[in-house]
Amino acid sequence: MKVVLVAAAGILCPLTIASAVAAPSPLSESTIDTATFQEWQARQKEAAEVAATAKANPTVPPTQSVPKGSATAPGTTAGSEAGPQTVQTSSPDAEQSAGQDAANAPKVQVAGEPGKAVATPDNSTDLPEQAGLETADEPKAPDPFLIRLQVLLDRADASPGVIDGFLGENTRKAIRAYEAMRKLPVDGKPNADLWNVLVVDQGKAMKTYTITKDDVSGRYVQDIPSDYAKLAEMKWLGYRGPAEKLAEKFHMDEDLLKALNPQTDFSHAGDAILVADTGAPPSTKVMRITVDKEKGELTVFDGAGNIVMSAPATIGSQDTPSPSGKVTVVAVAQDPTYEYDPHKNFTQGDNHHDLTIPPGPNGPVGLVWIALSKPTYGIHGTPNPSLIDKDASHGCVRLTNWDAEALSKLVQPKETRVEFTG
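Rules used in this analysis
- Residue indices begin from 1 for each chain and proceed along its sequence in written order.
- It should be noted that, the model being predicted, local features are given only for residues of pLDDT at least 70 and side-chain atom pairs only at 80 or more, the latter also being counted only at that level, while totals for whole chains, interfaces and linings use all residues.
- No hydrogens and no water enter the side-chain calculation; it runs on all heavy atoms of the structure.
- Only DSSP runs of H or I with at least four residues qualify as helices, and only runs of E with at least two residues qualify as strands; both kinds are numbered from the N terminus onward.
- In this description, a line fitted to the C-alpha atoms serves as the axis of each element, helices being fitted only across the stretch in contact, and the angle between N-to-C directions of two axes falls anywhere from 0 to 180 degrees.
- By the definition adopted for this analysis, an angle is roughly parallel if under 35 degrees, roughly antiparallel if over 145, roughly perpendicular if from 65 to 115, and oblique otherwise.
- For this analysis, residues touch if any pair of their heavy atoms sits within 4.5 Å.
- When residues are sorted by character, Ala, Val, Leu, Ile, Met, Phe, Trp, Tyr, Cys and Pro go into the nonpolar class, Asp, Glu, Lys and Arg into the charged class, and all the rest, Gly among them, into the polar class.
- For any pair of crossing helices, the crossing counts as left-handed if the nearer helix is rotated counterclockwise from the farther one by less than a right angle, and right-handed if it is rotated clockwise.
- Values of pLDDT, which run from 0 to 100, indicate the predictor's confidence residue by residue.
- The term salt bridge refers to a side-chain nitrogen of Lys or Arg lying within 4 Å of a carboxyl oxygen of Asp or Glu.
- Partly exposed describes any residue whose relative accessible area lies between the buried limit of under 20% and the exposed limit of over 50%, with all areas from a 1.4 Å probe on protein chains only and scaled to the type maximum.
- Given the number of residues in a helix, its expected span is that number minus one, multiplied by 1.5 Å.
- Ring pairs shown here join Phe, Tyr and Trp side chains whose ring centres sit within 6.5 Å, with only the six-membered ring taken for Trp; geometry is labelled stacked below 30 degrees between planes, edge-to-face above 60, and tilted in between.
- Working rule: Lys NZ or Arg CZ, within 6 Å of ring centre, within 35 degrees of ring normal, means a charge sits over the ring.
- Two strands form a pair only when DSSP identifies at least two bridges running between them.

Visitor: Any details on unusual backbone geometry? Residues and values, ideally.
Guide: In this structure, Asp-157 takes a positive phi of about 70° despite not being glycine. In the Ramachandran plot, Lys-183 falls in the positive-phi region, its phi being about 55° despite a non-glycine side chain. For Lys-183, the position within the fold is in the loop between helix 6 (169-181) and helix 7 (192-201).

Visitor: Any chance you could break down the packing of helix 6 against helix 7 for me, citing the residues and the numbers?
Guide: At their nearest, the axes of helix 6 and helix 7 sit 11 Å apart, and the two run at 80° to each other. What the angle tells us is that helix 6 and helix 7 run roughly perpendicular. Between helix 6 and helix 7, the contacting residues are Ile-175, Tyr-178 and Glu-179 on the first element and Leu-194, Val-197, Leu-198 and Asp-201 on the second. In terms of residue class, the contact of helix 6 with helix 7 is built from five nonpolar, no polar and two charged.

Visitor: Got a sec to walk through the packing of helix 5 (residues 144-155) against helix 7? Specific residues and values, please.
Guide: Taken N-terminus to C-terminus, the directions of helix 5 and helix 7 make an angle of 65°; their axes are 10 Å apart at the nearest point. By crossing handedness, the relation of helix 5 to helix 7 is classed as left-handed. Contacts from Phe-145, Arg-148, Leu-149, Leu-152 and Leu-153 in helix 5 reach Leu-194, Trp-195, Leu-198 and Val-199 in helix 7. Considered class by class, the residues forming the contact of helix 5 with helix 7 number eight nonpolar, no polar and one charged.

Visitor: Can you lay out the confidence of the model for the protein chain for me, pointing to particular residues and giving the numbers?
Guide: Overall, the prediction assigns the protein chain a mean pLDDT of 79, with 72% of residues at 70 or greater. Across residues 63-112, confidence stays below pLDDT 50; counting only partners more than four residues off in sequence or on other chains, it has 98 contacts. Counting contacts from residues 116-137, a segment whose pLDDT is below 50, to residues more than four positions away or on other chains yields 90 contacts.

Visitor: So what about the pattern of salt bridges? Which residues, and what values?
Guide: Applying the stated criterion across every chain, the model contains seven salt bridges. For Asp-143, the salt bridge identified is with Arg-43, shortest N-O distance 2.8 Å. Taken as a pair, Asp-143 in the loop between strand 6 (133-135) and helix 5 and Arg-43 in helix 3 (residues 37-56) lie far apart in primary sequence, 100 residues in all. As far as burial versus exposure is concerned, Asp-143 and Arg-43 are alike and both buried. Between Glu-169 and Arg-176 there is a salt bridge, and its shortest N-O distance comes to 3.0 Å. Taking the relative accessible area as the measure of exposure, Arg-176 reaches 22% and is therefore partly exposed. Connected through salt bridges with shared partners, the residues Glu-169, Arg-172 and Arg-176 form a single ionic network.

Visitor: Account for helix 6, naming residues and giving values.
Guide: For an α-helix the count is 3.6 residues per turn, leaving residues at separations of three or four pointing the same way. Its 13 residues place the ends of helix 6 18 Å apart at the C-alpha level, agreeing with the 18 Å of an ideal helix rising 1.5 Å per residue. Along helix 6, eleven of the 13 residues are buried, which leaves the element largely enclosed by surrounding structure. One or two positions beyond helix 6, positive phi appears at Lys-183, with a value near 55°.

Visitor: Run through the packing of aromatic side chains, naming residues and quoting values.
Guide: This model, assessed by the stated rule, comprises seven aromatic pairs. Between Tyr-228 and Tyr-340, the ring centres sit 5.3 Å apart and the planes meet at 90°, which makes this aromatic pair edge-to-face. Taken together, the residues span a long stretch of sequence, with Tyr-228 in helix 9 (residues 228-232) and Tyr-340 in strand 14 (residues 338-340) at a distance of 112 residues. A relative accessible area of 11% means that Tyr-228 is categorised as buried. You can call Tyr-340 buried: its relative accessible area is 2%. Taken together, Phe-37, Trp-40, Phe-145 and Trp-195 form an aromatic cluster joined through their ring pairs. In this structure, Arg-288 packs its charged tip against the face of Phe-301, placed 4.1 Å from the ring centre.

Visitor: Any details on the sheet that holds strand 10 (residues 297-301)? Residues and values, ideally.
Guide: By definition, the strands of a sheet pair up through backbone hydrogen bonds, in either a parallel or an antiparallel sense. Read from one edge of the open sheet, nine strands run 11-10-9-19-13-16-17-18-12, paired in mixed fashion. Lying at the two open borders of the sheet, with one neighbouring strand each, are strand 11 (307-312) and strand 12 (314-315). For strand 9 (residues 288-292) and strand 19 (residues 417-421), the ladder comprises five bridges, and the chain directions are parallel. Considered in strand 19, the bridge of Asp-292 is made with Thr-421.

Set out below in structure tokens:
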């Protein structure tokens, strides 16, 4: 715990960060649905003042980094994160500062994925929220206001990707998209004008859902290998269990779902759980899609040029870049198999022969494949929604499974154009 020295009646007194900055309320349906921008803004201002005090005092280190997994707050997994590393910060927007140094950051482990590590790509501005490091000034648990903000943005078809209660770049993208939809000044930051419009447009952010027999008796797969040859030996690449399935159903980070529902293990039909109320997906048919390779963002337009939907996306890499210019949607496949051909695109591991990988939400292309007129390229889902725009694709456009499914219902084969920019 970092200690800040504060002058009181001429005496320097130690004041801990925990007591200096008001913490957000514990997670519950009430605290999320009543959370306001004004309360969140006050906490941010208070945190900035404490950080400024610490920086101005040479006897106090400006930062004290801690591994996220060491926290006991909901949504963290002890022992699964990367080790401590100092990250310089002097404002509450520490994530953006960390993102500026991301190109030099080491690889970090992915929570819930033992042995898997990712590095932030050059075109991204944030570390994986559940796999990065945080300083003593940063939040260590999901914020009720940010959960509410993300849910309302998602329901307005400005997808923040995974709803997790942290302010990452994907949430800022969603804010920018919503501001453009509502013809507000576009800056990508939570502010009073954005909140006043958003909160009027939408109702409650959370709802109660009763787990069904179908939820608990799904076609689950305990282990999903990373090696394509082993995947090809399987018949179905399903969810690992009800919690993963329910988290995706309600567009949530699995850790957040578990933190909101500590009373259940999600294996019993009839249990009532608290989930995000994401509402119905968009239904307007689209004529044009833009894919911004620099921003990592997909935007969907109707025939009149209005934004129908936006979503964060993982778009190519330096080794296997996405196409440039304009292409057309040619077909849509639900629950697609994946034809791996190392001679046409990329080589995975030691696999140098053609493979047919079975379908399923945890397959390489997730639940849906939207084929483009440039051979081997498409828009598709992913087995790792929390890593959208935080790792690299093999030239395609990768969305969360739910965003890809929503988009697949809107496109019109041979009519919808896709333009790659950036």
